[in-house]
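So the chains spell out like this:
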Amino acid sequence: MNTCPEHIVLLMHDYLDEEISHENEKELKAHLQSCEACKTHFHELKKTVALVQSTSHIQAPSNFTQNVMAKLPKEKKRAGVERWFH
Ligand SMILES: [Zn+2]
């Protein structure tokens, strides 16, 4: 049985977006302390967000494009370069 207020889930998203108000954050944390289901859901959300952030922060090394071009077979080089820059 789920008796959680619907907006608690919205607060979780606001919190992870760092767009939560101080009042709402207090409410969210109070609910999480008393509700195992929401705590679990919140941890899953946090893990997902952390994963997305860790992959989106990976940047290609500065010579990445050159390395890619060097690995292209000669006859495909021109097409490959064009695909890369357009
Ligand atoms: Zn709950």
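In short, a report on the structure. Everything numeric in this text was worked out from a predicted model, so none of it was measured. (Residues numbered from 1 in each chain as written. Predicted model: local features only at pLDDT ≥ 70, side-chain atom pairs only at ≥ 80, totals over all residues. Heavy atoms only, no water.)

**Things to note about the coordination of the zinc ion**
- Protein coordination at the zinc ion comes from Cys4 (SG), His31 (NE2), Cys35 (SG) and Cys38 (SG), with a distance range of 2.0 to 2.3 Å.
- As a motif over one chain, the donors of the zinc ion read C-x26-H-x3-C-x2-C.
- Under the relative-accessibility criterion, cysteine 38 is labelled buried at 6%. (Donors = N, O, S within 2.8 Å, 3.2 Å for Na, K, Ca; no water. Buried < 20%, exposed > 50% of the residue type's maximum accessible area, 1.4 Å probe, protein only.)

**Let's talk about the packing of helix 1 (residues 6-16) against helix 3 (residues 36-56)**
- At a closest axis distance of 11 Å, the pairing of helix 1 and helix 3 adopts a crossing angle of 30°. Taken together, the axis directions place helix 1 and helix 3 in an arrangement best described as roughly parallel. Pair helix 1 / helix 3 crosses with right-handed handedness. Residues Ile8, Val9, Met12, His13, Tyr15 and Leu16 of helix 1 form the contact with helix 3, whose own contacting residues are Cys38, His41, Phe42, Leu45, Lys46 and Val49.
- Tallied by class, residues from the contact of helix 1 with helix 3 come to 9 nonpolar, 2 polar and 1 charged. (Axes fitted to C-alpha atoms, helices over the stretch in contact; angles between N-to-C directions. Helix = DSSP H or I, 4+ residues; strand = E, 2+ residues; numbered from the N terminus. Parallel < 35°, antiparallel > 145°, perpendicular 65-115°, else oblique. Left-handed = near helix turned anticlockwise from the far one by under 90°. Contact = heavy atoms within 4.5 Å. Nonpolar A, V, L, I, M, F, W, Y, C, P; charged D, E, K, R; others polar.)

**A closer look at unusual backbone geometry**
- The backbone of glutamate 18 shows a phi angle near 60°, a positive value even though the residue is not glycine.
- Accessibility expressed as a relative area gives 72% for glutamate 18, which makes it exposed.

**Some thoughts on the pattern of salt bridges**
- Evaluated as defined, the whole model comprises 3 salt bridges.
- Salt-bridge contacts for glutamate 23 lead to lysine 26; the nearest nitrogen and oxygen are separated by 3.6 Å. With glutamate 23 and lysine 26 both in helix 2 (residues 22-34), this residue pair falls 3 residues apart, about one helical turn.
- When the shortest N-O distance is used, the salt bridge between lysine 47 and glutamate 44 registers 3.4 Å. Placement of both lysine 47 and glutamate 44 in helix 3 is noted, with a separation of 3 residues, approximately one turn of the helix.
- For lysine 47, a relative accessible area of 54% translates into the label exposed.
- Judged by relative accessible area, glutamate 44 falls into the partly exposed class, the value being 41%. (Salt bridge = Lys/Arg side-chain N within 4 Å of Asp/Glu carboxyl O.)

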